[in-house]
Protein chains: 2
Amino acid sequence: MPTSTVENYLKTIYMQQQRAGGKNVAMGKLAKAMDVVPGTATAMIKTLADSGLVDYKPRGGVSLSDKGETLALHILRRHRLLELFLVEVLGLDWTEVHDEAEELEHATSDKVLARIDDYLGHPDTDPHGDPIPPAKGAHAPVQLKSLADSATQKKLVIARVVDQGCEFLQFLNQHGLRPGTRINILSYDRVVDAITVKPYKHEPVTLGMAAAGKILVEKPAT
Amino acid sequence: MPTSTVENYLKTIYMQQQRAGGKNVAMGKLAKAMDVVPGTATAMIKTLADSGLVDYKPRGGVSLSDKGETLALHILRRHRLLELFLVEVLGLDWTEVHDEAEELEHATSDKVLARIDDYLGHPDTDPHGDPIPPAKGAHAPVQLKSLADSATQKKLVIARVVDQGCEFLQFLNQHGLRPGTRINILSYDRVVDAITVKPYKHEPVTLGMAAAGKILVEKPAT
DNA sequence: ATTTCAATTTTGAGTATTCAAAATACCAAA
DNA sequence: TTTGGTATTTTGAATACTCAAAATTGAAAT
């Protein structure tokens, strides 16, 4: 069994790789994401490479091996199912479950996870709209555009929020912006780098482009 | 925050102390219970003593300080609430939840635990009949006699099973012997060191005294 | 081609936990 | 009171992870 440290490295590499489009992850990025000094990341990656979990060439960055990716997806699955469980069953707020799940994901057995999955009815997204990897096999990559790139559409639905920072999520929550919320785009201003949206049943909010880029949207189903 | 290793030592000392009636726990016993070599226990206890969690005099054994006992009770509370949650909500078997809870107890925050407690309606015993320590304050010590000491009573109810071994619990379960079950004592034989009981709606079972000693009983309520 | 600088790796060291095996202490029997 | 023998402690070493700081590399800028 991998230690929870190993699990965290793998998960982090996976997410960095996603963001960078499958390319190798630079040690500096990884170290920053793991909140360790660069030397620590280098040392750790060397042992992960020895275990066959990552491919590593010195000064060239890391990427997950097949074995490593499989493991990373299992961990992500645990994390996201737990998040949803905490929200749906225990009534925690979707803005605060990330850190809780971060701990629990390393302590939850496959058996317990399977029960949680059953209990929730085999969901496919977590409370942030992030896809829950299936128990086996890869999930179909969903293509979503960010709010920052969707100014031409007037009516949209929030599909996913790609930031786990409690502060940002709480801001969104207070303004009625959560996964599933319908929004209307009121204005889109390249000059001041801002976009104003009106969430269903809430007052309009103005967001900077950086913030808007973290909100992924889709066309309303109906 | 104490590491999970520290939490496990404290919990183990607490339980050993309970069993021995409040006396100091010998290093040998502790080492065996923690499944480490004696030297490891000695080393660990020295650091726990430095943190003020235990009282230790070389060659005299350990006992929990007030601080240590408070912590131990918190951990026990987490463990037992989690066990009940796994049984009641996720439908795991009461014979198998011990090991699961053993992991989860170190990863569950106070916030999540409070939600679990609410969800379960503030229960006071876990699936094995073990008392759940309250969030604050000490719990009233319940006096229960073991089945081995209760031969004079004919009708009893199983209150608690003081063994977390999966094998033993599964044996009991298969014969309908679980906390809450009414039983009739059919025979009590000092010579062959065995007792035969008939669990409600099940066939009679014969148990050795060692086994009967692990089953705590009370008088039927009605 | 050389300089320069940022990213990366290496080195040396520390913490927490563990084991194996040697040393010590205590109790109890002779 | 000497001898055991067992429980306990000490010692030395290993593993997994971490940091600080020095050394190295490689690529971009001159």
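Since this is a predicted model, take the numbers as computed values, not measurements. (Residues numbered from 1 in each chain as written. Chains lettered and ligands numbered in written order. Predicted model: local features only at pLDDT ≥ 70, side-chain atom pairs only at ≥ 80, totals over all residues. Heavy atoms only, no water.)

**Examining the packing of helix 1 (residues 4-20) of chain B against helix 2 (residues 27-34) of chain B**
Residues and elements named next belong to chain B.
And then number 1: Two numbers describe how helix 1 lies on helix 2: the axes approach to 10 Å, and their chain directions differ by 120 degrees. By the criterion of interaxial angle, the relationship of helix 1 to helix 2 is oblique. Handedness of the crossing formed by helix 1 with helix 2: right-handed. Across the interface between the two elements, Asn 8, Tyr 9, Thr 12, Ile 13 and Gln 16 from helix 1 touch Lys 29, Leu 30, Ala 33 and Met 34 from helix 2.
And then number 2: Of the residues belonging to the contact of helix 1 with helix 2, the class tally is five nonpolar, three polar and one charged. (Axes fitted to C-alpha atoms, helices over the stretch in contact; angles between N-to-C directions. Helix = DSSP H or I, 4+ residues; strand = E, 2+ residues; numbered from the N terminus. Parallel < 35°, antiparallel > 145°, perpendicular 65-115°, else oblique. Left-handed = near helix turned anticlockwise from the far one by under 90°. Contact = heavy atoms within 4.5 Å. Nonpolar A, V, L, I, M, F, W, Y, C, P; charged D, E, K, R; others polar.)

**Describing the pattern of salt bridges**
Residue and element names in this part refer to chain A.
And then number 1: All told, the structure shown has 16 salt bridges over all chains when counted by the stated rule.
And then number 2: Residue Arg 160 is joined to Asp 130 by a salt bridge in which the shortest nitrogen-to-oxygen separation is 2.6 Å. In this pair, Arg 160 sits in strand 4 (residues 155-161) while Asp 130 sits in the loop between helix 6 (110-120) and strand 3 (145-146), placing the two residues 30 residues apart along the sequence.
And then number 3: For Asp 130, a relative accessible area of 3% translates into the label buried. (Salt bridge = Lys/Arg side-chain N within 4 Å of Asp/Glu carboxyl O. Buried < 20%, exposed > 50% of the residue type's maximum accessible area, 1.4 Å probe, protein only.)

**Things to note about the relation of the copies chain B and chain A**
And then number 1: Least-squares fitting of chain B to chain A yields an RMSD of 0.0 Å, with the transformation described by 0.0 Å of translation along the axis and a rotation of 180 degrees. As the rotation angle and translation indicate, the two copies are arranged about a two-fold axis.
And then number 2: The fraction of interface residues of chain B whose copies in chain A are also interface residues reaches 100%, indicating that both copies meet through the same surface. (Least-squares fit on C-alpha atoms with pLDDT ≥ 70 in both.)

**Structural notes on the packing of helix 1 of chain B against helix 3 (residues 38-50) of chain B**
Residues and elements named next belong to chain B.
And then number 1: Close contact between helix 1 and helix 3 brings their axes to 11 Å; oriented N to C, the two are set at 100 degrees. As far as their axial angle goes, helix 3 and helix 1 are roughly perpendicular. Contact residues: helix 1 offers Thr 5, Val 6, Tyr 9, Leu 10 and Ile 13, while helix 3 offers Thr 40, Ala 41, Met 44, Ile 45 and Leu 48.

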